[in-house]
Amino acid sequence: MPHKSVNRLFVQLILYSLFSSNSFAIEDASQNRIAQRQAFLQAERYISQNREADYFALAASLKTYPLYPYLHYQWLKNHLDDQNGIELYLSEYADSRYAQQLHSKWLFNLGKQQRWDAVLSHQYPTDNPETQCLFALAQFHNNQSVVALNRAKRLWLQADLHSEHCDALFSLLKQSSSFDSDLAWQKFQWALSNNNPQVATPLLDFLSDQQRPIANIWLKLYKQPELVKQHGDWKRESDQAGLMFAQTILRWADSDLTAALATWDREKNTINIAPETLIDTENNLALALALKGEADAYQRLAQLSKPNQANREWQIRAALRAQNWSAADTALAGLDDETKHQDKWQYWQARAWHELGQKPQAEHVFQQLAQQRSFYGFLAAEKLQQPINLADNPIHVSATEIAQLKQQANFQVVSEFLALDRPLEAKRQWWFATTHLDKHDLAVAAKLAEQWQWPAIAIFTSAKAQQWNDISLRFPLVYANEIDLHATKHQVDPALIFGLLRQESAFDESADSVVGAKGLMQLMPKTAKEIASELKQTWQNDSRLFNPNLNIQYGSFYYKKLLTEFDDHPLLATAAYNAGSKKVKRWLSSNQALPGDIWIELIPYKETREYVSSVLQYALIYQQRLHRESLKVVNLIREVKPY
């Protein structure tokens, strides 16, 4: 056909551009690489068009191109019946990122074809439950039913798995003699313990006549936990009474903590509750009191027989809420040695000593803390009226080391994905390439990412290398023009915008969270649409949020709105940027003003607590990087008034 001759000519032209007629080597390496990229893109088009002859003719010229394993993986994943081709690929490119992906796809395809011998002969160790279901199914159909069903029981009990092969495996399990009412009862308990009543309900049909009535009561209590306060024979007669009672109390505590606590205290000694369940429930109820800011939380936490780490920390916070420094000092003494030496708790120990009149001890701790580049180190410096210490110590690696790493095959793949503007594939390949690097080579990789102007990857790689002190690498001044423009326009300190951006995305303009937040300042599309309307701009689509300038414009505008809403208090506006205004208003006291540092410590959400301290810390670092002096620690953590 005419188009085939044209295609052959196209291939010949590309081949000619790749190799000289005499030496099969291109004189200009950069021109060769450009030609390879063009050929690669054309080969991808051939794959999408399923033009096999054209693909193989062109692909043959690309075997030295770094992206050839990726290219041929794309072909083979669409031709999973090509066993010889796949086995050859898995042998030749076993160390590539795509070998495991192809292996998995191929095995699942073999499973669909019920080629169980082939599945077993090519199985591999894995923690993936769905792949384990496939292997167990292959064992069952290959005269290894006992081993397969034992594996099936473990998988069935550990999670709520749904896939073609898991469903088939569990169906075989339920039809076998290995399945009985006790196994169903174990799964029923797992389901309700993991807030999964939709899994528990169908299991009623598999329970014994003795188990089913108790199960029905348990389901009823799950749906209406307040019924736990009523008398019932199950509290005395059921072997599961203690677990049922404890779980129901904790569910009830979510909606009515006072009533749940009263019922628990009244009845816990009259029901047979396992010691570990008793301890866990006491710990969780005490924690719930502290999270709600109840006045009796400290006392309840102090009386726990085996408090966990969260209980100990919230006992300190309960004392801080009351500004009872003697109680805070006592609670701090209950921390383990490792936790005591964390910057946060050192700061609060020094604060307690200072308030209790032990000023020399407090000043000694503040002096040590002030040397640290951390939020609490900066607070300590403020207490001493000293400048903050950035402790800058750049990573020192040679240009030769960077060049050598860049030439490694895996990093050449990264480089090509970047050249082709495929940041997601480049990111995935980067983390694959760095998986087995030692700390020194990770530091080299961090400097390579910095050289490639890839700030997010440089930041995260330096953290993986445990290199924390290269300030220009970890706190780059990228997007400085856009930030200055929009911060100035909306009358927000640019250091605060830098701090938000560093925390939200680490300067990854393509950041896309699991909840849908997008871009540098991680804006939700719904919020962005509202901002566009307020700015009288036309909203086109969500992908606009990956435009750095637009994202910074909208993020700065939104943060300014929050500052206005919270009386220009950066601490509260920052908390609202993460958790939302409604939650922050719920966290404000109705009758008590609190110092800003204490208010941060009392934020119920760990994520928001750490978020606020990080953003404010980063803002202070950026203030120094920008050679500004407008942000003052004392203003950032000024008193939080009642709402």
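Residues numbered from 1 in each chain as written. Predicted model: local features only at pLDDT ≥ 70, side-chain atom pairs only at ≥ 80, totals over all residues. Heavy atoms only, no water.

(A) Up close: the overall build of the chain. Within the chain, the regular secondary structure consists of 39 helices and 0 strands. Reported as C-alpha extents along the three principal axes, the dimensions of the chain are approximately 90 × 75 × 50 Å. Out of the 643 residues belonging to the chain, those deemed buried represent 49%. By sequence separation, contacts in the chain at least 24 residues apart represent 56% of the contacts at least 6 residues apart. In the structure as shown, the chain presents an accessible area of about 31,800 Å², 48% of it carried by carbon and sulfur atoms. Charged side chains of the chain number 66 positive and 70 negative; the gap between the two group centres comes to 4 Å. (Helix = DSSP H or I, 4+ residues; strand = E, 2+ residues; numbered from the N terminus. Buried < 20%, exposed > 50% of the residue type's maximum accessible area, 1.4 Å probe, protein only. Contact = heavy atoms within 4.5 Å. Areas by Shrake-Rupley, 256 points an atom, 1.4 Å probe, with all protein chains shown as cover. Lys, Arg positive; Asp, Glu negative; His and termini not counted. Charge placed at Lys NZ, Arg CZ, Asp CG, Glu CD.)

(B) Molecular detail of helix H26 (residues 409-419). Those residues of H26 lying buried are Phe411, Val413, Val414, Glu416 and Phe417. Looking at the buried side of H26, the elements it contacts are helix H2 (29-48), helix H4 (68-77), helix H6 (97-112), helix H25 (399-407), helix H27 (423-433) and helix H28 (439-451).

(C) Focus on the environment of Leu107. Considering the arrangement of structural elements, one finds Leu107 in helix H6. A residue is classified by how much of its surface remains accessible, and Leu107, at 1% relative accessible area, is buried. The spatial distance from the C-alpha of Leu107 to the C-alpha of Leu301 is 53 Å, given a sequence separation of 194 residues.

(D) Summary view of the confidence of the model for the chain. Per-residue pLDDT for the chain averages 94, and the proportion of residues at 70 or more is 96%. Counting contacts from residues 1-27, a segment whose pLDDT is below 50, to residues more than four positions away or on other chains yields 27 contacts. (pLDDT = per-residue confidence, 0-100.)

(E) The arrangement of unusual backbone geometry in detail. Unusually for a residue other than glycine, Gln466 sits at a positive phi of about 60°. Checked against the element boundaries, Gln466 lands in the loop between helix H29 (455-464) and helix H30 (471-474). Phi angles above zero are rare outside glycine, and Asp567 is one such case at about 55°. Its place among the elements puts Asp567 in the loop between helix H34 (548-565) and helix H35 (570-579). Among the residues examined, Asp567 registers a relative accessible area of 56% and is labelled exposed.

(F) Region of interest: the packing of helix H3 (residues 52-59) against H4. Between H3 and H4, whose axes approach to 12 Å, the crossing angle comes to 165°. In terms of their interaxial angle, H3 and H4 are classed as roughly antiparallel. In terms of crossing hand, the pair formed by H3 and H4 is left-handed. Across the interface between the two elements, Glu52, Tyr55, Phe56 and Ala59 from H3 touch Tyr68, Leu71, His72 and Trp75 from H4. Considered class by class, the residues forming the contact of H3 with H4 number 6 nonpolar, 1 polar and 1 charged. (Axes fitted to C-alpha atoms, helices over the stretch in contact; angles between N-to-C directions. Parallel < 35°, antiparallel > 145°, perpendicular 65-115°, else oblique. Left-handed = near helix turned anticlockwise from the far one by under 90°. Nonpolar A, V, L, I, M, F, W, Y, C, P; charged D, E, K, R; others polar.)

(G) Examining helix H13 (residues 211-223) more closely. A rise of 1.5 Å per residue sets the reference length of H13, with its 13 residues, at 18 Å; its end C-alpha atoms lie 19 Å apart and thus fit the reference within 8%. Every buried residue of H13 is accounted for by Gln211, Ile214, Ala215, Trp218, Leu219, Leu221 and Tyr222. Projected down its long axis, H13 carries its buried residues within an arc of 160°, all on one side. Turned more than 90 degrees from where H13 packs its buried face, Lys220 and Lys223 sit exposed. Against helix H11 (181-193), helix H12 (197-200), helix H14 (234-237) and helix H15 (241-255) lie the buried residues of H13. (Expected span 1.5 Å × (residues − 1). Arc of directions from axis to C-beta.)

(H) Broad picture of the pattern of salt bridges. As enumerated under the stated definition, the model contains 26 salt bridges in all. Here Asp54 makes a salt bridge to Arg51, at a shortest N to O gap of 3.1 Å. Since its relative accessible area comes to 7%, Asp54 is described here as buried. Taking the shortest distance from any N to any O, the salt bridge between Asp209 and Arg212 comes out at 3.3 Å. (Salt bridge = Lys/Arg side-chain N within 4 Å of Asp/Glu carboxyl O.)

(I) Summary view of the state of the cysteines. In the structure shown here, the tally under the stated rule is 1 disulfide. Here Cys133 engages in a disulfide with Cys166; their sulfurs sit 2.1 Å apart. Since a negative S-S torsion denotes a left-handed disulfide, the Cys133-Cys166 link at about 100° is right-handed. Within this pair, whereas Cys133 is found in helix H8 (residues 129-140), its partner Cys166 is found in helix H10 (residues 164-175), the two being separated by 33 residues in sequence. (Disulfide = S-S within 2.5 Å.)

(J) Summary view of the packing of aromatic side chains. What the rule picks out here adds up to 33 aromatic pairs. Ring centres of Phe56 and Trp75 lie 5.3 Å apart, and the angle between their planes is 75°; on these two criteria the pair is classed as edge-to-face. Of the two residues, Phe56 is situated in helix H3 and Trp75 in helix H4; the sequence distance between them amounts to 19 residues. The buried category is assigned to Trp75, whose relative accessible area is 2%. Judged by centre distance (5.3 Å) and plane angle (70°), the ring pair of Trp156 and Phe179 falls under edge-to-face. Placement of Trp156 in helix H9 (residues 145-158) and of Phe179 in the loop between H10 and H11 is noted, with a sequence separation of 23 residues between them. For the pair shown, Trp156 and Phe179 are each scored as buried. Ring pairing ties together the aromatic residues Phe40, Tyr65, Tyr70, Tyr73, Tyr98 and Phe417, which thus form one cluster. (Phe/Tyr/Trp six-rings, centres within 6.5 Å; stacked < 30°, edge-to-face > 60°.)

(K) Up close: the packing of helix H20 (residues 325-332) against helix H22 (residues 343-355). Direction vectors running N to C along H20 and H22 enclose 140°, while the axes themselves pass 9 Å from each other. In terms of orientation, H20 lies oblique with respect to H22. As for the relative orientation of H20 and H22, their crossing is left-handed in sense. Across the interface between the two elements, Trp325, Asp329 and Leu332 from H20 touch Trp345, Trp348, Gln349, Arg351, Ala352, Trp353 and Glu355 from H22. Among the residues making up the contact of H20 with H22, the classes are represented as 6 nonpolar, 1 polar and 3 charged.

(L) The arrangement of the nonpolar core in detail. Among the nonpolar cores identified, the biggest contains 208 residues, and Leu71, Phe188, Trp348, Trp430, Tyr554, Tyr559 and Trp599 are the most heavily contacted of them. Looking at which element gives the most residues to this core, the answer is helix H38 (residues 606-625), with 9 residues. Residues within four places of Phe188 in sequence aside, it is in contact with Ala200, Leu203, Leu204, Ala215, Trp218 and Leu219. (Core = buried A, V, L, I, M, F, W, Y, C linked by side-chain atoms within 4.5 Å.)

(M) View of the environment of Trp431. For Trp431, the location among the structural elements is in helix H27. For Trp431, a relative accessible area of 27% puts it in the partly exposed group. Spatially, the C-alpha atoms of Trp431 and Glu450 are 15 Å apart, while their sequence positions differ by 19 residues. Apart from the residues lying within four places of it in its own chain, the contact partners of Trp431 are Ile457, Phe460, Thr461 and Lys464.

(N) Fine view of the side chain of His486. Summarising the element assignment, His486 is placed in helix H31 (residues 480-489). Residue His486 is classed as buried on the basis of its relative accessible area, which comes to 4%. Here His486 is in contact with Asn549, Ile552, Gln553 and Ser556, once residues within four sequence places are set aside.

(O) Fine view of a nonpolar patch on the surface. Taken together, Val514, Val515 and Met524 make up a surface patch of nonpolar side chains, about 330 Å² in accessible area. Within the element layout of this structure, Met524 appears in the loop between helix H32 (494-504) and helix H33 (525-534). The partly exposed category is assigned to Met524, whose relative accessible area is 32%. (Patch = residues over 30% accessible without salt bridge, like charges linked within 9 Å, V, L, I, M, F, W, Y side chains within 5 Å.)

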